[in-house]
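Below, each chain spelled out in residue letters.
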Amino acid sequence: MKSLWSDSDAQAFVAKYKDQGHNEDVALRVYTTRLLGGDPRLVLHGGGNTSVKTRATDLLGDSVDVLCVKGSGWDMGNIEPAGLPAVRMEPLLKLRQLDKLSDEDMVNYQRANLMDQTSPNPSVETLLHAFLPHKFIDHTHSTAVLSVTDQPDGEEQCRALYGKRMGYVPYIMPGFALAKKAAEVFEQDPTVEGLILLKHGIFTFGDSARSAYELMIEMVTLAEDRLKTNRKQVFVPAKLPAKTASVAEVAPILRGLLSLDQGDGAYKRWVLDFRTSDAIRNYVDGADVERYSQVGVVTPDHTIRTKNWPVVLPAPEAGKLDEWAAGAKTAIGAFEALYHDYFARNNERFHPGKTELDPMPRVILVPGLGLFGVGASKKDAMIAADIAVNTVESVTDAEAIGTYSPVTEADMFDCEYWSLEQAKLGKGTEKALARQVAVITGGGSGIGAAAARAFAKEGCEVAVLDRNEAAAKDTARQVGGKALGVACDVTDPASVKAAFQAVAAHFGGIDIVVSNAGAAWQGQVGIVDDSVVRQSFELNFFAHQSVAQAAVAVMKAQGTGGCLLFNTSKQALNPGKNFGPYGMPKAATLFLMKQYALDHGGDGIRSNAVNADRIRSGLLTPEMIAARSKARGVTEKDYMAGNLLGREVTAEDVADAFVWLARATKTTACTITVDGGNIEASLR
Ligand SMILES: [Zn+2]
């Protein structure tokens with residue numbers, strides 16, 4: 001591992017933050033914190049922390065000693081001064097004299113001594129930083145260091161590697177007791193350059209941001225070099241099927257098995273994130289994977305994201321998905337039982353007891369394929385997967401030099417059920433459509449783009465499909481979050497199938513489909529060229545059928561119902577003169593909607609439509625609006641508001657109707673009209 005320190009970058013940070021009123025200490029603390037946080041081999045997703053001891057001015061104009069320490073909820077990789085709340089040093093140091101301090105009292109006391117009450121909670125490792133005398137302190141959960149310390153003889157291994165350069169702190173859960181112990185270890189030999197927190201991570205310290213950072217790099221490099229020597233071969237591969245099923249086939253089945261049935265057609269679903277590489281395959285394909293994957297997390301902090309163990313599934317043989325699904329179901333059921341037992345066994349130590357979390361795995365190992373991260377959102381699934389990938393590396397290296405052996409189950413339980421760790425996961429109720437995946441066709445513009453935004457706002461993971469790939473990706477970018485843009489020509493069944501497979505592989509499955517893509521063709525029905533009618537039927541009818549079929553295939557694999565939404569049109573109910581080529585397939589699509597409701601209601605799949613009219617879009621361009629309003633002798637504004645309510649209907653209004661239908665879990669075979677009122681097109 002190389003030092004990324006650059007004098008010019010450091011000076012740029014100092015100059016930038018000086019303008020914002022921050023001193024050099026804080027600016028350099030931000031700089032090297034980001035250097036550390038940018039490398040997943042050092043810290044991942046909120047893990048690790050840093051601090052600097054400096055001075056700040058209070059309201060009275062007095063200069064006071066403060067500790068600026070990473071705040072909870074901030075990632076080191078993109079930290080700002082606001083993520084390094086300043087806590088008064090003097091009161092922190094006084095705590096050292098206590099024998100005991102509860103976590104809740106510690107958090108409260110730290111908050112009470114913040115310079116700015118709007119700051120985030122200072123790290124749970126704040127006191128450890130405070131009790132050490134050094135100006136700059138860096139803490140990471142280095143993958144390489146963990147591979148060396150997560151051994152049955154981890155302390156001897158570390159001592160052999162670092163000798164007297166480091167102090168060795170036995171495993172204690174973060175908090176007051178660990179802070180005191182770390183300070184004691186340091187004081188026994190104040191010449192040490194850092195501390196190894198056995199089975200947890202590493203601290204380095206220095207007088208300058210650069211020296212503390214470069215010591216971290218040096219110590220981690222020593223661990224990396226150690227891992228390159230005296231390696232044994234890992235792992236022996238298991239016998240796998242000659243051909244494995246694809247991720248797109250496996251993921252929806254898996255997603256269905258993980259879903260928690262909440263009754264009355266409701267499910268607590270999960271979003272998946274798949275990863276594979278040679279290193280991952282070497283790990284998950286190992287004959288002994290049930291041993292080394294089930295020992296526990298590499299550092300206890302990971303347990304809130306990944307639980308303590310992944311579940312190992314059978315290898316999915318191509319063409320034998322039913323058999324695989326049965327094996328996967330058994331394995332997940334066994335994981336749930338194991339988790340209940342683990343909870344019951346460890347909860348006995350607590351009075352009052354803890355409340356059990358959901359029993360579902362967050363990491364799934366699939367021999368022959370790779371691994372899945374599982375989360376309530378794509379973001380959470382990616383975090384779990386990032387940690388799992390890191391775990392693969394750390395455990396592989398640990399096994400190569402010895403036997404992987406992390407902290408005990410009781411220690412892991414204490415972290416998983418620690419109130420301060422649980423707080424990191426955030427609270428609050430989920431959005432109405434959270435944990436669901438919505439696919440929107442024709443999402444590159446108009447109603448489709450509005451629908452993509454509306455579904456994302458309700459908490460959905462969104463996949464935007466459009467014939468124009470750039471437009472699909474553009475909408476996905478506008479939607480933000482983890483939205484996906486995919487090229488798809490809905491008139492080509494192979495393209496539809498490929499797009500749906502891509503979405504299923506990316507998010508794990510599909511719950512809601514807005515079949516929206518369409519275009520208008522005109523012609524007087526008695527004389528119009530046959531090719532015009534057929535072309536319109538391809539897009540305005542057959543494409544809806546291809547999309548709905550592809551969706552149903554994924555939904556049935558999941559077994560958790562689903563929601564089909566069709567964009568029909570006023571034309572489906574109320575023909576416009578010379579609009580036959582457009583209206584006829586739309587009328588057929590209205591019927592298609594009802595047929596899906598009838599044939600797949602038993603699968604829990606709902607099917608509904610929105611009947612909209614006169615929306616500014618690719619079907620009704622500014623030129624068309626100008627021409628039509630002129631032909632009718634009205635202003636463009638009056639033309640657009642030419643309905644019973646006299647108000648223009650927007651793409652957002654239509655998108656809201658789609659969202660409402662997605663939420664209406666007892667509604668199927670329904671058409672909602674969003675047209676401002678048109679009595680001829682009304683349903684009843
Ligand atoms: Zn830590």
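In this text the structure is predicted, and so the values were computed from the model without any measurement. (Residues numbered from 1 in each chain as written. Predicted model: local features only at pLDDT ≥ 70, side-chain atom pairs only at ≥ 80, totals over all residues. Heavy atoms only, no water.)

**So, the packing of helix α18 (residues 446–457) against helix α25 (residues 651–663)**
The relative placement of two packed helices is expressed as an angle between their axes plus a distance between the axes.
Thought 1: As a packed pair, α18 and α25 sit with axes 8 Å apart at the nearest point and diverge in direction by 50°. As summarised for this structure, α18 and α25 are arranged oblique, according to the angle between their axes. The handedness of the crossing between α18 and α25 is right-handed. Listed contacts from α25 to Gly-446, Ile-447, Ala-450, Ala-451, Arg-453, Ala-454 and Phe-455 of α18 are Ala-651, Glu-652, Val-654, Ala-655, Phe-658, Val-659 and Ala-662.
Thought 2: Split by residue class, the contact of α18 with α25 holds 11 nonpolar, one polar and two charged. (Axes fitted to C-alpha atoms, helices over the stretch in contact; angles between N-to-C directions. Helix = DSSP H or I, 4+ residues; strand = E, 2+ residues; numbered from the N terminus. Parallel < 35°, antiparallel > 145°, perpendicular 65-115°, else oblique. Left-handed = near helix turned anticlockwise from the far one by under 90°. Contact = heavy atoms within 4.5 Å. Nonpolar A, V, L, I, M, F, W, Y, C, P; charged D, E, K, R; others polar.)

**With respect to unusual backbone geometry**
Thought 1: Look at the link from Val-234 to Phe-235: it is a cis peptide, with omega at -10°.
Thought 2: Here Phe-235 shows up in the loop between α9 (209–227) and α10 (247–258).
Thought 3: With an omega of 0°, the peptide bond running from His-351 to Pro-352 counts as cis.
Thought 4: Residue placement: Pro-352 occurs in the loop between α14 (321–347) and β12 (363–366).
Thought 5: In this structure, Lys-307 takes a positive phi of about 55° despite not being glycine.
Thought 6: As for its placement among the helices and strands, Lys-307 is situated in the loop between α13 (303–306) and β11 (311–312).
Thought 7: Phi angles above zero are rare outside glycine, and Arg-614 is one such case at about 55°.

**Focus on the pairing of strand β5 (residues 166–169)**
Thought 1: With burial as the criterion, each face of β5 is covered, one bearing Met-166 and Tyr-168 and the other bearing Gly-167 and Val-169.
Thought 2: Strand direction decides the pairing type here: β5 and strand β6 (residues 194–197), joined by four bridges, are parallel. For Val-169, the partnering residue across the bridge sits in β6 and is Leu-197.
Thought 3: Traced from β5 through helix α8 (residues 176–188) to β6, the parallel crossover comes out right-handed. (Buried < 20%, exposed > 50% of the residue type's maximum accessible area, 1.4 Å probe, protein only. Pairing = 2+ DSSP bridges. Right-handed = clockwise from strand over helix to strand, strands pointing away.)

**A word on the nonpolar core**
Thought 1: Core analysis: the largest hydrophobic core is formed by 45 residues, its most contacted members being Tyr-162 and Ile-196.
Thought 2: Of all the secondary structure elements, the ones that give two or more residues to this core are α1 (7–19), α2 (24–37), β2 (63–69), α6 (143–149), α7 (154–162), β5 and α9.
Thought 3: Considering every element that reaches this core, the biggest residue donor is α9, with 10 residues.
Thought 4: For Tyr-162, the contacting residues outside a window of four places in its chain are Val-145, Tyr-168, Ile-196, Met-219, Val-220, Leu-222 and Ala-223.
Thought 5: If you look at the next biggest cluster of nonpolar residues, it comprises 40 residues, including Ala-499, Val-532, Phe-541 and Ala-609. (Core = buried A, V, L, I, M, F, W, Y, C linked by side-chain atoms within 4.5 Å.)

**Remarks on α25**
Thought 1: Between its terminal C-alpha atoms α25 stretches 19 Å, which fits the 18 Å expected from 13 residues at 1.5 Å a residue.
Thought 2: On the buried face of α25, the contacting elements are α18, β17 (512–515), β18 (562–569), β19 (605–612) and β20 (670–674). (Expected span 1.5 Å × (residues − 1).)

**Topic: empty space enclosed by the protein**
Thought 1: With the rule as written, the count across this model stands at two cavities of 30 Å³ or more.
Thought 2: In this model, the largest cavity occupies a volume close to 160 Å³.
Thought 3: Those elements that provide at least two residues to the lining of the largest cavity are β12 and α15 (378–401).
Thought 4: Here the lining of the largest cavity is composed, by residue class, of 12 nonpolar, five polar and one charged.
Thought 5: Counted as a void, the second largest cavity has a volume near 40 Å³.
Thought 6: Lining the second largest cavity are Pro-40, Leu-42, Val-43, Leu-44, Gly-47, His-141, His-302 and Asn-390.
Thought 7: In terms of residue class, the lining of the second largest cavity is built from four nonpolar, four polar and no charged. (1 Å grid on protein atoms, 1.4 Å probe; cavity = no way out; pocket = protein on both sides within 12 Å on 5 of 7 lines; lining within 4 Å. Points joined across faces, edges and corners; volume = space filled by probe spheres on them.)

**Some details on the packing of aromatic side chains**
Thought 1: Under the definition given, this model contains 19 aromatic pairs.
Thought 2: Each ring, one from Phe-343 and one from Tyr-417, has its centre 5.1 Å from the other, and the planes form 55°; the classification is tilted. In this pair, Phe-343 sits in helix α14 while Tyr-417 sits in the loop between α16 (409–416) and α17 (419–424), placing the two residues 74 residues apart along the sequence. Take Phe-343 and Tyr-417: they sit in the same class, and that class is buried.
Thought 3: Ring-pair connections join several aromatic residues into one group, and the members of that group are Trp-309, Tyr-339, Tyr-342, Phe-343, Phe-350, Phe-413 and Tyr-417.
Thought 4: Over the ring of Phe-131 we find Arg-96, and its NZ or CZ is 5.6 Å from the ring centre.
Thought 5: Note that Arg-435 overlies the ring of Trp-270, its terminal NZ or CZ placed 4.4 Å from the centroid. (Phe/Tyr/Trp six-rings, centres within 6.5 Å; stacked < 30°, edge-to-face > 60°. Lys NZ or Arg CZ within 6 Å of the ring centre and 35° of its normal.)

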